[in-house]
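An overview of the molecular structure
Here is what each chain is made of, one letter per residue.
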Amino acid sequence: MRVGFFIGDPIRYTLLGYEGTITSVVYPNDAEKNYLVVKVTKSDDPEIEVGSIQHISPERYEHVEFLPYDTCELYPSDFSDMNIYTSFLDKVAETKSRKFLIDQALEKGDKQLFMELTGGDAQ
């Protein structure tokens, strides 16, 4: 279970019926004055405008629900690792599906398909 709030977290504030993104988490010297700053992205309450800034105090945190992230943000250095991994997965999937088709052709006795898949001459 999550216990902390982070900048960029998408949330739903059920008490006032709006969704938003945490833009900052304020921790002044006095711990009792902590609060979240939220930019509203969707609102069911006509008095709370989309794009407005709202503050949520700690005694109201129980009304905050975390929403799933819509996007995946990677550091630029992680993109190369991701590309290497996904290209590896693509190659593995291609190899496995080709082997599967060859096995199916052998099982069914389809000489034409087997020869096409293995690069042999079907005649």
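The shown structure was predicted, so the numbers you read here are calculated from the model rather than taken from an experiment.

1. Brief notes about the pattern of salt bridges
Tallying each qualifying case throughout the model produces 2 salt bridges. Here Glu19 and Arg12 are joined by a salt bridge, their closest N and O atoms 3.1 Å apart. A relative accessible area of 18% means that Glu19 is categorised as buried. Between Arg12 and Glu65 there is a salt bridge; the shortest N-O distance is 3.1 Å.

2. Focus on the side chain of Glu19
With respect to the helices and strands, the residue Glu19 is situated in strand β2 (residues 18-26). There is a polar contact of 3.1 Å between the side chain of Glu19 and the side chain of Arg12.

3. Considering the nonpolar core
The biggest cluster of nonpolar side chains holds 11 residues, and these are Phe5, Ile11, Tyr13, Tyr18, Ile22, Leu36, Val38, Val40, Ile48, Ile56 and Val64. Among the elements of the structure, β1 (10-13), β2 and β3 (35-43) are those that each provide at least two residues to this core. Considering every element that reaches this core, the biggest residue donor is β3, with 3 residues. Discounting residues that sit within four places of it in the chain, Phe5 has contacts with Ile22, Val25, Leu36, Tyr61, Val64 and Phe66.

Analysis parameters
- Residues numbered from 1 in each chain as written.
- Predicted model: local features only at pLDDT ≥ 70, side-chain atom pairs only at ≥ 80, totals over all residues.
- Heavy atoms only, no water.
- Salt bridge = Lys/Arg side-chain N within 4 Å of Asp/Glu carboxyl O.
- Buried < 20%, exposed > 50% of the residue type's maximum accessible area, 1.4 Å probe, protein only.
- Helix = DSSP H or I, 4+ residues; strand = E, 2+ residues; numbered from the N terminus.
- Polar contact = N/O pair within 3.5 Å; in protein donor to acceptor, adjacent residues only side chain to side chain.
- Core = buried A, V, L, I, M, F, W, Y, C linked by side-chain atoms within 4.5 Å.
- Contact = heavy atoms within 4.5 Å.

Read these as spatial facts, not as claims about activity.
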